[in-house]
Amino acid sequence: MNIPCSIFILFSVLFFSCSSQSENKRIEGIEIPTPENWIDKSEIRIKDNLANYNLKDEEISKLLKNHNGSVPVVIYTKYEPSQFNGPIPTIQVLLRPNNTKNINSFKKTMEPSLKQMADALSKFKILSLLEIIEIDGFKKVNDTYGENLRNRLVKKVVSQFTRILREGDTLSRIGGDEFVVIINNLSKPSASDAIVSRLLKSVTGTLLVKKKSLKISTSVGLTCYPLDNVSRDELIKHADHAMYIAKQKGINNRHVFDIEKDVAEKHHNEELRRIAQALKDDEFLLYYQPKVDLRTNEVVGFEGLIRWDHPDNGLLAPAMFLPVVENDILGIEMGRWVINKALLQLQYALSIGYDIPISVNISPLHLQHDEFVSDLKEILSRYPNFKAGSLEFEILETSALKDIDIVSTVIRECNKLGVLSSIDDFGTGYSSLTYLRRLPADFLKIDQSFVKGVLTSSDDKAIVQGIIELAKIFNLKVVAEGVETPEHGEILLSMGSYIAQGYGIAKPMPAKDILTWLVNWKNNPCLVDRSI
């Protein structure tokens, strides 16, 4: 079923060239364009800042002269009172000295219109479309030809629009070069297409204004109410945003505000805000998963994995929040927090006699940040007892290969500071020999998807064996992730991969549980089956 609607449209009218055919003469006052097929001239109502007037044509001219030639905001409104209980059909001319007051006047006029549309929606299920009009180059016309020609141009544009708009529609000039159109009583948003096209066509091309040819074009931004169910100010902002996109497409274009995208962006921004607050409130923590040398059962390191101890939703895994920040500056702040937290843990471990390295994941955005190395130097300076080789950065293969020159430089600088590096999830990217040769990493971490499959898939086994042999060629140590059973450990040992990490050894644990686990592992160093 088609639901009636109204459309809000924002127009941008662009000037390309002006050619003069005769000298301009100053006009005394401004003529108010009154579409005779709309209302009787006697119904014109003029409002200024001081009082209300019901004026005849000659009184309008006189009044305008007394406002120092300021261009009025012209709002045409026509409703059918019997259907919507709307206002008496009038043309409202709001005299304001500047654009700020103009837009405020329009908003005050728009407020009851929105209420009427909401009332009509509940009774008749109608929608509205909003459209705003901006004249680029308006100041140039004013500076070149004077205020009188500018006013004539305004009259011309308004006259063109009013010939096309229907009963129940609204046209308003809300600034020196901006107009708003409200198209009401539409069965669906696309029902406005014909009207919008006619409005565009009416001011596209060359307009003859007082014997001067002004070539103009238009850009149109639209949004639909109440599908775009926001406040008055937000509706105008949305139409303006849509018009900006239309202008980027080129001249004589239109763009409809993307409501779903806007909702998604607002949700994303709210998630960012909440994560930023969580970082401030210290709601994040690191869990640690051990790495073990399968030959000796020695614990050779821990990987620090971030978790969110959400006050309402409990402990959240990285997949629940890291994708939100991966392309935002907040991701860099979180990366700094992770590095600092790992160094704190290393410092504490050393103080009680444990010297076990910790690795942490570094996002591509953080790694390639211009100040990454200088930030790292500053953080390390806070820990004078930092031991070279005790901190390791895990870098995704896909991000390392995307900007290999930058990543290689950063890895070398980190090595100078005593920080090691590993290529994480190796085998999921390009795995090019050329790239591998150029990356000065210390470790290769075989992606767990291959490790888990070595017991059942000949292909996965061949891939793992190939990575192990590559690592030997380039003098890299191999870490196998995803070790879930004793059988995984045995086959990896036979293939020449000695460092293992996975649920078969231990699940990630909070820092407070590390010492207990270390004691238990020392007393009973064996893998268990956690494949289910």
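Coordinates for the structure precede this section.
Residues numbered from 1 in each chain as written. Predicted model: local features only at pLDDT ≥ 70, side-chain atom pairs only at ≥ 80, totals over all residues. Heavy atoms only, no water.

A. Quick peek at helix H8 (residues 259-280). Between its first and last C-alpha, H8 extends 32 Å over 22 residues, near the 32 Å set by a 1.5 Å rise per residue. Among all positions of H8, only Asp262, Leu272, Ile275, Ala278 and Leu279 are buried. Where H8 is buried, its residues contact helix H7 (232-249), strand S12 (284-293), strand S13 (298-310), helix H9 (322-325) and helix H10 (329-351). A side-chain oxygen of the first residue of H8 lies 3.3 Å from the backbone nitrogen of Glu260; this N-cap is Asp258. A positive phi of about 60 degrees marks Asp282, the residue just after H8. (Helix = DSSP H or I, 4+ residues; strand = E, 2+ residues; numbered from the N terminus. Expected span 1.5 Å × (residues − 1). Buried < 20%, exposed > 50% of the residue type's maximum accessible area, 1.4 Å probe, protein only. Contact = heavy atoms within 4.5 Å. Polar contact = N/O pair within 3.5 Å; in protein donor to acceptor, adjacent residues only side chain to side chain.)

B. View of the layout of surface pockets. Of the volumes computed, that of the largest pocket is approximately 1200 Å³. Forming the boundary of the largest pocket are 40 residues, of which Leu305, Pro318, Leu322, Asn361 and Asp424 lie nearest the centre. Looking at the lining of the largest pocket, the elements with two or more residues in it are S13, H9, H10, helix H11 (364-367), strand S16 (391-396), strand S17 (419-426) and helix H16 (448-452). Of all the elements, S13 adds the most residues to the lining of the largest pocket, at five residues. Of the residues contributing to the lining of the largest pocket, the split by class is 15 nonpolar, 13 polar and 12 charged. A volume near 450 Å³ is recorded for the second largest pocket. Contributing elements (two or more residues each) for the lining of the second largest pocket: S12, S13, strand S15 (358-361), S16, helix H17 (458-473) and strand S19 (477-481). The biggest single contributor to the lining of the second largest pocket is S13, with four residues. The residue makeup of the lining of the second largest pocket, split by class, is 14 nonpolar, five polar and seven charged. (1 Å grid on protein atoms, 1.4 Å probe; cavity = no way out; pocket = protein on both sides within 12 Å on 5 of 7 lines; lining within 4 Å. Points joined across faces, edges and corners; volume = space filled by probe spheres on them. Nonpolar A, V, L, I, M, F, W, Y, C, P; charged D, E, K, R; others polar.)

C. Layout of the pattern of salt bridges. This model, assessed by the stated rule, comprises 18 salt bridges. Residues Glu270 and Arg273 are paired through a salt bridge, measuring 2.8 Å at the closest nitrogen-oxygen approach. Of this pair, Glu270 and Arg273 both sit in helix H8, separated by three residues, roughly a single helical turn. Using a relative accessible area of 39% as the deciding quantity, one classes Glu270 as partly exposed. Three or more residues are tied together by salt bridges with common partners; here these are Lys291, Glu303, Glu392, Glu394, Lys445 and Glu481. (Salt bridge = Lys/Arg side-chain N within 4 Å of Asp/Glu carboxyl O.)

So far we have only geometry, and geometry alone does not tell us how the molecule works.
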